[in-house]
Amino acid sequence: MKKLVSDFSELDSGSRRKFLQYAMSGAATILMVQMPDAAAIQGRGKGWKQMSTKHQYAYVIDINKCIGWGGCVRACGQENDVPEGVFRTWVERYVLTEDGVYVDSPKGGSEGFEPVSAEIQEKAQRSFFVPKMCNHCENPPCVQVCPVGATYKSPEGFVLIDHDYCLGCAYCVQACPYGARFINTEKHVSDKCTWCYHRVKQGNQPACVEACPTGARIFGDLMDPESDVSQIFNDSQWMVLKPDMYTSPMCFYVELPREVV
Amino acid sequence: MDLPHGALVNYIFPNNEIVWWSILIAVYPYITGLIAGAFVVSGLAHVFKIKEFKAIGNFALIAAFSFGLFAAVPLLFHLGQPQRAYEIYFTPHLTSAMSIFGYIYTSYLILLMLEIWLIYRPHFIQKFNATTGLQRQIWYILTLGVTTYHPNSAKIDQKLILFLAGIGIPWAFVLHGYVGFVFGSVKAIAWWASPLQPVIFLLSAIVSGMAMLMVMYSFIKWWSKAAYDYAMVKKFIAFLWGIFILAFVLEILEVLFARYENGHHWAIIEPLLNGPLFGSYVIIQVLVLSFIPVFLLGYVVLSSVNGKKMLYLANLGSFMLVLQVLFMRFNVVVGGQLISKSERGFVDYHWEIFGREGILVSATILAAPFVTFYLISRFIPIFEKPAQE
């Protein structure tokens, strides 16, 4: 597996606590300027907004390769000490039938999936698994709404949360269209997938990627033209979740059926 | 119950199983709304000089202040890390609709305190001069050390009161319209996402504040066996009726528009209204607590009914509106979270009684402004004409 480069010098520079600077230039003006320009974000040029950094990370999920084993969910839970009942990543099972769509994700898919009922099986036309997680959006609504700037986007593309700063108000939980955020019931702050930032900065892959036995989860650097994510990305055969939300996710799905929400 | 998006089974995202903003967060815009509504009445008295409201202008102001003291308390109870709440003042993240709430709320509370102090300082001075010992010391503190009162001071005070009441009205509108914006700007929750939300929140705030004042007024007069001012009640109900019609029309317009547009928005809202919100929104909020008050208050305003009968009808209608807005807050705040972002399932809301965000805490916070009002009213005249006016 390719070792990730670990130059994160720019990552912690942070863009918050600019209150004085903002106050001087006028809060109203800032509010107007800060409104995200959906058109600019959607017109991505080469497909994503390159920031002044050496890395630009992205995540690819290949629906055809996921077998719903759930090892990724378990690995994530252990790696990140995720409390029971909430999930940084989960796997959904879709069964498309002539009568409608059957979806489930018992315990986030962490223990795999029991067969569906005979009734559903009879009607089944197609079934597949969809891993979900934080999309580390380019235009993250969670970052926009955080009242104190405790959640922020790093230049390398990680959407992160400063747990020592978060108020635990859950506004970001409401703002995320993907249900990727939750309030950590032990720490009482907002929580979500970090793409295992702590592992990546040491040159490792996220725990879920490492745990996946089929290569359905791929993580890498778009700035590296040889990386798997770059090659998949350049093929343009990918989709994102809820594109009408204009959040520009950086998790790209290969072979994503239109029934997936 | 029909499930949305052709779902065969109720599927909600694993992280959507908990309703993160509970009844406590419904209480927050409710109390904030009561401030705005009560302040509007004081504004009608002090700024627009509506003579029928002159006697209740200060009552409305003290009520607004009592509510104001507790508007942010539900938020503090809700925060996972309440000890960090001050960060919203020191490092507000200005892209967030929530970030300047601290400033708007605090500045409004200061404005209220200033106006109340200016109105009541002749009373404080009078009490300071008439008492001794510890009581005198307390009144002295309330005079802020200014123990003389000249006719010229009264003139200046009057101008300042008029100015504060004048800017207070748009500021009250900002305070509550802003709360509506906090919800209306969340695109991830279709039931919230609407540019009408700030206006609806504002109008319903005025409705709840006015209706609550009417109920409080009648209760206090009944309790103290004082005479009712029927002319004021009739005029008051005319204002309340008109504003409620406006609020209700906008509330319904929002839903009708989504229905007619028949797009993605409606695909989510329809199952919500036919499903988990059918009872509390369609039946209780709209059919019972909106239509009946419209007719009740309309009868009070348009007919020649007067005296005790008018008072009873006015109070019944007002009490229903107090509840209507409480249900509206609940149906918006909690209701929006009852359809999962999976768009294929409904979330169960579990009523908690004793927890930090439970019914007991919410009810206590809701009751606190009334206790505060009672305590304040023990020491300063609420309905009497203050010396300077």
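Each value, and the rule that gives it
Residues numbered from 1 in each chain as written. Chains lettered and ligands numbered in written order. Predicted model: local features only at pLDDT ≥ 70, side-chain atom pairs only at ≥ 80, totals over all residues. Heavy atoms only, no water. Helix = DSSP H or I, 4+ residues; strand = E, 2+ residues; numbered from the N terminus. Buried < 20%, exposed > 50% of the residue type's maximum accessible area, 1.4 Å probe, protein only. Contact = heavy atoms within 4.5 Å. Areas by Shrake-Rupley, 256 points an atom, 1.4 Å probe, with all protein chains shown as cover. Expected span 1.5 Å × (residues − 1). Pairing = 2+ DSSP bridges. Axes fitted to C-alpha atoms, helices over the stretch in contact; angles between N-to-C directions. Polar contact = N/O pair within 3.5 Å; in protein donor to acceptor, adjacent residues only side chain to side chain.

Visitor: Could you give an account of the overall build of chain A, with specific residues and numbers?
Guide: The helix and strand tally for chain A stands at 10 helices and 11 strands. Taken across its 261 residues, chain A has 60% of its residues classed as buried. Considering only contacts in chain A between residues 6 or more positions apart, those separated by 24 or more positions represent 67%. For chain A, the accessible surface area stands at approximately 11300 Å², while carbon and sulfur atoms represent 51% of it.

Visitor: Residue-level account of helix H2 (residues 57-68) of chain B, with values.
Guide: All names here are of chain B. Between its first and last C-alpha, H2 extends 16 Å over 12 residues, near the 16 Å set by a 1.5 Å rise per residue. The buried count for H2 comes to 12 of 12 residues, which makes it a mostly enclosed element. For H2, the complete set of buried residues consists of Gly57, Asn58, Phe59, Ala60, Leu61, Ile62, Ala63, Ala64, Phe65, Ser66, Phe67 and Gly68. For H2, the elements touching its buried residues are helix H1 (23-46), helix H5 (101-130), helix H8 (197-223) and helix H14 (359-379).

Visitor: So what's going on with the sheet that holds strand E3 (residues 101-104) of chain A? Residues and values would help.
Guide: Residues and elements named next belong to chain A. The antiparallel open sheet is built from three strands, whose spatial order is E3-E2-E4. Pairing within the sheet leaves two strands with one partner each, and these edge strands are E3 and strand E4 (124-133). Each strand of the sheet is rotated relative to its neighbour by a mean of 20 degrees, with strand direction disregarded.

Visitor: Run through unusual backbone geometry, naming residues and quoting values.
Guide: Residue and element names in this part refer to chain A. The phi dihedral of Ala170 falls on the positive side, at around 75 degrees, and the residue is not glycine. Turning to its location among the elements, Ala170 is positioned in the loop between strand E6 (159-161) and helix H7 (171-175). In this structure Ala170 comes out as buried when scored by relative accessible area, which is 2%. The backbone of Ser248 sits at a positive phi, close to 50 degrees, despite the residue not being glycine.

Visitor: Could you give an account of the side chain of His93 of chain B, with specific residues and numbers?
Guide: Residue position: His93 of chain B is located in the loop between helix H4 (87-90) and H5. Look at His93 of chain B and you get buried, because its relative accessible area is 13%. Separated by 3.4 Å, the side chain of His93 of chain B and the backbone oxygen of Val143 of chain A make a polar contact. Other than its neighbours up to four places away in sequence, His93 of chain B contacts Val143, Gln144, Cys146, Pro147, Val148 and Gly149 of chain A together with Ser99 of chain B.

No statement about biological role is implied by the geometric values presented.
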